[in-house]
Structure formats: structure tokens, C-alpha cells
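Descriptive analysis of the structure
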Amino acid sequence: MSEAQIVLSHSRESGIVAIASGEQYPWAHTALAESGFQRDDDGVWHLPADGTHTTVVDLVTCAKRHRASVHTSSRRFIGDTARDLARLLPGQWHASVEIYAHPAWQEDLVPWIWDSGELGRAVQSERIPYAAVLTDAGQGTTLLFIERPGRQLDYLVGAFSPEGLEGGYGDPHAPRSIVLPQFPGRAAQALTDRYLPSYEQAVHARQTAAIAAVLGDIRSEHDTWQAMNASGRYSDATPLSAAALGASTELFLDHAWHRFLTVVDHAPTLLDRCRPANSPWPDDAAALSRLAEAVNNAEALVDEIVHGGAVPEQERRARAWPAIETWLTDGEAFLRQARMSAPHRRPALPVTAPSRPLAAARPAYRSH
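Summarised in this report is the structure supplied together with it.

Rules used in this analysis
Residues numbered from 1 in each chain as written. Predicted model: local features only at pLDDT ≥ 70, side-chain atom pairs only at ≥ 80, totals over all residues. Heavy atoms only, no water. Phe/Tyr/Trp six-rings, centres within 6.5 Å; stacked < 30°, edge-to-face > 60°. Helix = DSSP H or I, 4+ residues; strand = E, 2+ residues; numbered from the N terminus. Buried < 20%, exposed > 50% of the residue type's maximum accessible area, 1.4 Å probe, protein only. Arc of directions from axis to C-beta. Contact = heavy atoms within 4.5 Å. Salt bridge = Lys/Arg side-chain N within 4 Å of Asp/Glu carboxyl O.

**Side note on the packing of aromatic side chains**
Scanning all chains against the criterion turns up seven aromatic pairs. Relative to Phe252, the ring of Trp225 has its centre 5.7 Å away and its plane inclined at 10 degrees; by these criteria the two rings are stacked. You can see Trp225 sitting in helix 6 (residues 184-231) and its partner Phe252 sitting in helix 7 (residues 242-273), a full 27 residues away along the chain. We note that Trp225, like Phe252, is buried.

This is the structure:
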């Protein structure tokens, strides 16, 4: 394959559109510009609707001069495809196009994909010069939508790591991407009925695991600090001065607060799903109430720090510790309840969607 490629497809709104890629993609950009194409904000090139008479033959001739190859896609423009799908999904979905013109940009994408299926493997091993991103503003869900490599009609959809839970690359518990058919109604149904419930359950499990890990870390550090405080010595038996003890206490509280912010971020949603009365441990209700109050207090502290100006460190430590201590005390009740609960179901597909083919036409990634 040449070092610069141009892929042409048809858009319902823009007519012929072009996407440039390859290690020398600027060569393709030059050929497109000289042929009368204009680039939009997404990095997609299109012919303006002002009566220019550029033809595909003209583009091919110009591209050859600039050592770029031209290919015609058998699919409709992926931006139209994604927008057709987004319009059918329940919620507030938005579709946008991303261009990974240089192969290195696709490599930058890999760590952000949270998938244990075909899409995750494709992003790592197949060349994907462009994709669409589907975002549900109401739920904070972001999905990657690509043409299925090696197939003429199918698509793949999978997820980016949820906000606040980045670094999920290689997570064996990540949701598994699914294949979507070319028909928008069937694709929206598959996404709504199959993929999104499994994705949301995976997010729930990951949030629960993140809180469990944080509480375990804080508890371990707390035990170490308590032992040091009781003995008056470091772990190597060196005597601990009063000043050093005070410094170690402040360090422990600072580390604990930093880790506890994960609980502040994710616990409210999980607490809302817990139903202790329907569990084997109905008496956990009192503990969950204490935990919710502790999180509310911590949220108020965070809000004051972010929006109300600086909070003195001593005050912040004094106000944060009771909330952290409550979670160390009652955290196990939360974890067993959270592990038994499940995300609330999204609304069902609102209408029966037409069966015509799709698209009758994070760091956003670079498209220049």
C-alpha cells in the first residue's frame, strides 16, 4: 500500500467525501486541495456545492503526481452511518467522525479502548484510518464505531474506558464488542438490548472493584500507621520522634484523602442501586445510610475546595477523616450490597425503526 491513501465514499449530505491517511498523509491532503476539495472540522474532505467540475478521474491524476493512491469504498460514509444509528437510540446520543490519518494516531487510541472482543483486537492489529464516536451525553457513555475489517457490510461497536476509570486496557472483565448489521433498526436494537446492558454491568462491577481496592489500600496504610504510632518506632525499629510521628500522620491522611476521592466519584451511583431489604442482609440499611451521609460530607468538602477557595490543610484533614473512617468501618456492607445490585435499565427503543441499510447517505483525536 502506498504511503498516502485517499478513500472516497458517498455522503447523503455532502456527496462525494474523501478521507486521507498513511504515513505521508500530507501528500494526499495536497492532492485533495489542488483538486478542489475542502476539509471540514472533522478532517473529512468534500467537494463544495458551488458547481466545481472536479471528477474522480481528475483527483486520481492529481493524486498520482503527489504519490497518493485513490480507493473507492463500497460503504456509505461512516459519519452518515453513525448519525443514522444515533438518531434511533434512546437517550441523547451524538455522533462524530475521528480520523487516524497516521498509524501512530491509531496506536494512541489503543490504551483508551475498554473491550475484550473483536473491536479491541482490531484496533491493535488492523489498520483503521477512521471511525465514528457515539456519545450519550445523559449517561456519559462513549462508544467507538468502526467498519468491520475484512467484511463488506458489518460494523463493530465497543467502548472507551468510562470517565474516572481510565486505564482499563487489557481488563479481562471489559465488555465484549458486538457486530452490528447494516440495517439501522436492527443495529439500534442490538446495541440497546445486548451491548449497553452488558457494558453498564461491566462499569458497575469495575466501579465496585475500584472502591474495594481503594478501601483495601487505605486500610493497609492505616494498620501500618497505627502500628507505628503504638510502638513509637519505624518499621525497622528506629525510634520515631514526635515531629516525625506528626509528619507521618499528615502523610497518611493526605494519601488516604487522595485515594478516597475514587469513593466520592463512584459510590453515590452504586449506593442508589443497593436494595438491602431485598438482600440476605437487610440490616445493612443502617450502614448504607451512614456511608451515604459520609459521602455527602466528602462531596461538600470537595465542592468547597474546588469552588469556594482554598481550605487549610489541617481543616481538610480534620473534615475528611470521619468520612474515610466511616467507610473503613462499614465498607464491607457496601461491597456485598453493591455486588448483588445491578444498573438501572435504559429505556427501550422508542419506535420500530426502518429496516433500510445503515447510512443512506477521547484525549478528540487528531484529524489534521
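**Concerning helix 1 (residues 25-34)**
Tyr25, Ala28, His29, Ala31 and Leu32 are the residues of helix 1 that are buried. Buried positions in helix 1, seen along its axis, are confined to an arc of 165 degrees and lie on one side of it. Buried residues along helix 1 sit against strand 1 (5-11), strand 2 (15-21), strand 3 (38-39), strand 4 (45-46), helix 2 (56-65) and helix 4 (103-109). Directly beyond the C-terminal end of helix 1, a positive phi value near 95 degrees is found at Gly36.

**A short note on the side chain of Ser248**
Following the sequence through the fold, Ser248 ends up in helix 7. Setting aside anything within four residues of it in sequence, one finds Ser248 in contact with Trp225 and Met228.

**Here we look at helix 5 (residues 118-125)**
Along helix 5, the residues classified as buried are Leu119, Gly120, Ala122 and Val123. Buried positions in helix 5, seen along its axis, are confined to an arc of 165 degrees and lie on one side of it. Packing partners of the buried residues in helix 5 comprise helix 4, strand 7 (113-114), strand 9 (141-147) and strand 10 (155-160).

**A closer look at unusual backbone geometry**
Backbone geometry places Arg67, a non-glycine residue, at a positive phi of 55 degrees. Its place among the elements puts Arg67 in the loop between helix 2 and strand 5 (69-76).

**Thoughts on the pattern of salt bridges**
If charged atoms from side chains of opposite charge come close, those side chains can pair. For the coordinates displayed, the defined rule picks out 17 salt bridges. One salt bridge connects Glu147 with Arg75, and the closest N-O pair in it is separated by 3.7 Å. Note that Glu147 is positioned in strand 9 and Arg75 in strand 5, a separation of 72 residues in sequence. For Arg316, the salt bridge identified is with Asp254, shortest N-O distance 3.0 Å. Note that Arg316 is positioned in helix 9 (residues 313-340) and Asp254 in helix 7, a separation of 62 residues in sequence.

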